[in-house]
Structure formats: structure tokens, C-alpha cells
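Breakdown of the fold
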Amino acid sequence: MNESFESLCKKVKNLPYGRNANRHDFLLVVSEGQGTCSSKHAFLKLEADRIGVPHVELILGMYRMHNVNTPKIGHELIDKSLVYLPEAHCYVRIDGIPHDFTSANADLSKLENDIIEEIVIMPEQVVEFKIEYHKNFLREWVEKEKIAYTFEEIWQIREQCITHLANY
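The paragraphs below set out a description of the structure included in this document.

The rules behind the values
- Residues numbered from 1 in each chain as written.
- Predicted model: local features only at pLDDT ≥ 70, side-chain atom pairs only at ≥ 80, totals over all residues.
- Heavy atoms only, no water.
- Helix = DSSP H or I, 4+ residues; strand = E, 2+ residues; numbered from the N terminus.
- Buried < 20%, exposed > 50% of the residue type's maximum accessible area, 1.4 Å probe, protein only.
- Contact = heavy atoms within 4.5 Å.
- Areas by Shrake-Rupley, 256 points an atom, 1.4 Å probe, with all protein chains shown as cover.
- Lys, Arg positive; Asp, Glu negative; His and termini not counted.
- Charge placed at Lys NZ, Arg CZ, Asp CG, Glu CD.
- Axes fitted to C-alpha atoms, helices over the stretch in contact; angles between N-to-C directions.
- Parallel < 35°, antiparallel > 145°, perpendicular 65-115°, else oblique.
- Left-handed = near helix turned anticlockwise from the far one by under 90°.
- Nonpolar A, V, L, I, M, F, W, Y, C, P; charged D, E, K, R; others polar.
- Salt bridge = Lys/Arg side-chain N within 4 Å of Asp/Glu carboxyl O.
- Pairing = 2+ DSSP bridges.
- Disulfide = S-S within 2.5 Å.

1. Points about the overall build of the protein
A count of helices and strands for the protein gives six helices and four strands. Secondary structure elements of the protein, listed N to C terminal, follow the sequence α-α-α-β-α-β-β-β-α-α. Its C-alpha atoms give the protein principal-axis dimensions of about 50 × 30 × 30 Å. The 168 residues of the protein split such that 48% are buried. A separation threshold of at least 6 residues defines the contact pool for the protein, and within that pool the share at least 24 residues apart is 64%. Summing over all exposed atoms, the protein offers an accessible surface of approximately 8900 Å²; the carbon and sulfur share of this is 52%. Within the protein, the 26 negative side-chain charges are centred at a point lying 3 Å from the centre of the 19 positive side-chain charges.

2. Quick look at the environment of Asn-14
Turning to its location among the elements, Asn-14 is positioned in the loop between helix 1 (3–13) and helix 2 (28–31). Among the residues examined, Asn-14 registers a relative accessible area of 55% and is labelled exposed.

3. A few points about the packing of helix 1 against helix 3 (residues 37–51)
If you want to describe how two helices pack, look at the angle between their axes and the distance between the axes. Remark: helix 1 packs on helix 3, axes separated minimally by 11 Å, with the N-to-C direction vectors making an angle of 165°. In this view, helix 1 runs roughly antiparallel relative to helix 3, as classed from their interaxial angle. As for how helix 1 packs across helix 3, the hand of that crossing is right-handed. Between helix 1 and helix 3, the residues in contact are Ser-4, Phe-5, Leu-8, Cys-9, Val-12 and Lys-13 and Lys-40, Phe-43, Leu-44, Glu-47, Ala-48 and Ile-51, respectively. Its residues assigned to classes, the contact of helix 1 with helix 3 comprises eight nonpolar, one polar and three charged.

4. What to know about the pattern of salt bridges
Side-chain pairs of opposite charge can arise where the charged atoms are in close proximity. Under the criterion given, the structure shown has eight salt bridges. The salt bridge partner of Lys-45 is Asp-49, with a shortest N-O separation of 2.8 Å. Here Lys-45 pairs with Asp-49, and both are found in helix 3, just four residues apart, close to one helical turn. Assessed through its relative accessible area of 10%, Lys-45 is described here as buried. Note on Asp-49: relative accessible area 41%, which makes it partly exposed. Between Arg-93 and Glu-57 there is a salt bridge; the shortest N-O distance is 3.2 Å. Taken together, the residues span a long stretch of sequence, with Arg-93 in strand 2 (residues 85–94) and Glu-57 in strand 1 (residues 56–65) at a distance of 36 residues. The network of salt bridges with common partners includes Arg-19, Glu-87, Arg-158 and Glu-159.

5. Examining the pairing of strand 2
Among the ten residues that make up strand 2, ten are buried, leaving the element largely enclosed by the rest of the structure. Every second residue of strand 2 is oriented toward a common face, with Leu-85, Glu-87, His-89, Tyr-91 and Arg-93 on one face and Pro-86, Ala-88, Cys-90, Val-92 and Ile-94 on the other, all of them buried. Note: strand 1 against strand 2, ten bridges, orientation antiparallel. Bridge pairing links Met-65 to Leu-85 in strand 2. As paired elements, strand 2 and strand 3 (residues 97–99) share three bridges and run antiparallel to each other. Counterpart to Ile-94 in the pairing with strand 3 is Ile-97. From the end of strand 2 to the start of strand 3, which pair antiparallel, there are two residues, and Asp-95 there has a positive phi angle of about 50°.

6. Observations regarding the state of the cysteines
If you walk through the whole model with that rule in mind, you get zero disulfides. Cys-90 supplies the cysteine sulfur nearest to Cys-37, a cysteine that is in no disulfide, at a spacing of 4.9 Å. Classification of Cys-37 by relative accessible area gives buried; the value is 7%.

Here it is as C-alpha cells:
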């Protein structure tokens, strides 16, 4: 891996988790000093392309989010008697190896057994496409698994989990 890109990845990994003021402006990761899995990895993919680092893919993975693999989500799932929620998570694959630069303690090995599916996306797809993909996935999951909540209720529970994550 390119030395300057590797240094940038370490810098981004150490930035706190938090939503940026404008989901479309990935440069805010640096200027605001924070980002989500989407904004951080979209930014890194754009930078890899800009400086010519080959074999960097932006991945949208759907995984079973629960209190073991994502302990900072609080007790939302337990309180609602849900074992897990399908959650969309972005990361990069560099030379075929997955890397998660979401936070200093991000570790994809905690998720590897819970990944449901992965697709390669473009940076601009982390905005509307990722959200719609995630919502459609959840709608199908609610129906297929006969979940006792509506899609809207599931989305609200998910938002509470993400709020807990952002507060750590």
C-alpha cells in the first residue's frame, strides 16, 4: 500500500465517529475531524483514486448487528426482544483484504461471521443509494422473518442504536 495513503488511513481511523454536516461532502471528514463508516470510507476511496492507489474497493456490507459485535448500541435490541437488526456498514477492501477505518477500535473480525452480503459501491452511493438499499433490505427482512414490528418501528430502533454509537 502507498505510504501516504496508509498514513491517511491511520489518521482517519483515529478520528471520532460522528455524522457530518453535509452527507455529500466527504472532505468534511478532515475539516470537521469526524465521520461515519460511510463518509470515512468514501473519502478514503476517493483519495485512493486521486493519488493512484490501485485495488481499493468501497464495500457496502449488510451484517447482523447485535450487542456482542456492536456493544455500544445500548439496550435497544434487548429491550425490544430483537436478537439482531440487519445493519449497513461501509469499509474498504485493499488488495482483496477488508479494512475498517471507522474508529480506532474498529475490527471487522468482530463482524465477519455476521456478514449477510457485500456489494462494491462508488463513493457517491453512500448517500441515497446506501440508505435506500438498507431500507429495502430491512423491509424484506421484516416481512420474511415475520418481525413483530413495522418497518418504521424497526428504522426508529435502528436510529436509537446509531445514536448510542455516536455518543461513545
